[in-house]
Amino acid sequence: MHIDPLEKKWATISLLIAGFFVTILLISSLVHNIDAPGQVETIDSARLHLSKEFAEDNLGLQTDSNGKITVRLVAGRYGFVPKHITIPAETEVTFRWVTSDVIHGVHIPMTNMSTMIVPGYVAQVTTVLKRPGEYPVICNEYCGMGHAHMWSNITVVSKQNWLKKQNGEMNNG
Ligand code: CUA
């Protein structure tokens, strides 16, 4: 089969560009842990307060019997509930976000936490925050007049201090 040299050249260039993009996707996913949402989980956003999982008493951080940490937060115009949480550094934490009204987003700069929070769905992101410190939590989907003021923060404490605090609480009963 005859292929014109010029055509061959352009076909090669197109394939190289496609290969370049696939490489970037693989690096983002495997090295930086940035992935497209992989699961679809639905929830009735109008009845969150009546749901088992997202009732007010269950919000915030919970550690199960295997030591797995899950944080549940509700986004609503114009804030996140609870307003402030503390988590350990260098530890896998699973965040489960829901909205009580419109579409919000959540972004923690310099981490892999960036997702839309869509009414009717649970947005789940598992992350490990390496360095202790204060992290801003920012809404990154326009959600109304107060959008620019919709933010919160997370305190990340060193794993050592976290374990010390856990053990202290256990000893104190
Ligand atoms: Cu919530 Cu913008």
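Up top is the structure.
Below is a summary of the structure that appears in this document. Keep in mind that this is a model prediction, so the values were computed, not measured.

**Considerations on the overall build of the chain**
- Assigned secondary structure in the chain consists of two helices and ten strands.
- Mapped in sequence order, the helices and strands of the chain form the string α-β-β-β-β-β-β-β-β-β-β-α.
- In summary, the chain has a C-alpha radius of gyration of 21 Å against a globular reference of 16 Å for 173 residues, an excess of more than 25%.
- In terms of overall dimensions, the chain has a C-alpha envelope of 80 × 40 × 30 Å along the principal axes.
- Out of the 173 residues in the chain, the part that is buried amounts to 34%.

**Concerning the nonpolar core**
- Residues Phe80, Ile87, Phe95, Trp97 and Ile154 are the most contacted members of the largest nonpolar core, which totals 26 residues.
- Among the elements of the structure, strand E2 (69-76), strand E4 (84-88), strand E5 (92-99), strand E8 (123-128), strand E9 (133-138) and strand E10 (151-157) are those that each provide at least two residues to this core.
- Looking at this core, the element that brings in the most residues is E2, giving four residues.
- With seven residues, the next largest nonpolar core counts Phe54, Leu59, Val74 and Val122 among its residues.

**A short note on the pairing of strand E6 (residues 104-107)**
- In the sheet, E6 pairs with strand E7 (residues 114-117) via four bridges, with the strands oriented antiparallel. Bridging from a neighbouring strand, His107 pairs with Ser114 of E7.
- Linkage of E6 to E7, two consecutive antiparallel strands, is achieved through a turn of six residues, within which Met110 is found at a positive phi near 65°.

**A short note on the side chain of Thr70**
- Assignment of secondary structure puts Thr70 in strand E2.
- You can call Thr70 buried: its relative accessible area is 12%.
- Setting aside residues up to four positions removed in sequence, Thr70 forms contacts with Gly60, Leu61, Gln62, Thr94 and Arg96.

**Looking at the side chain of Arg96**
- Relative to the helices and strands, Arg96 is located in strand E5.
- Within polar-contact distance, the side chain of Arg96 engages the side chain of Gln124 at 2.5 Å.
- The contacts of Arg96, once residues within four sequence positions are left out, are Gln39, Glu41, Glu53, Phe54, Thr70, Val71, Arg72, Leu73, Val122, Ala123 and Gln124.

**Some remarks on the environment of Glu141**
- Tracing the backbone through its elements, the reader meets Glu141 in the loop between E9 and E10.
- Between the alpha carbons of Glu141 and Ile103 there is a distance of 6.9 Å; along the sequence they are 38 residues apart.
- Ignoring sequence-local partners within four residues, the contact set of Glu141 consists of Ile103, His104, Gly105, Met116 and His147.

Reading guide: rules and limits
- Residues numbered from 1 in each chain as written.
- Predicted model: local features only at pLDDT ≥ 70, side-chain atom pairs only at ≥ 80, totals over all residues.
- Heavy atoms only, no water.
- Helix = DSSP H or I, 4+ residues; strand = E, 2+ residues; numbered from the N terminus.
- Rg over C-alpha atoms; globule rule 2.2 N^0.38 Å.
- Buried < 20%, exposed > 50% of the residue type's maximum accessible area, 1.4 Å probe, protein only.
- Core = buried A, V, L, I, M, F, W, Y, C linked by side-chain atoms within 4.5 Å.
- Pairing = 2+ DSSP bridges.
- Contact = heavy atoms within 4.5 Å.
- Polar contact = N/O pair within 3.5 Å; in protein donor to acceptor, adjacent residues only side chain to side chain.

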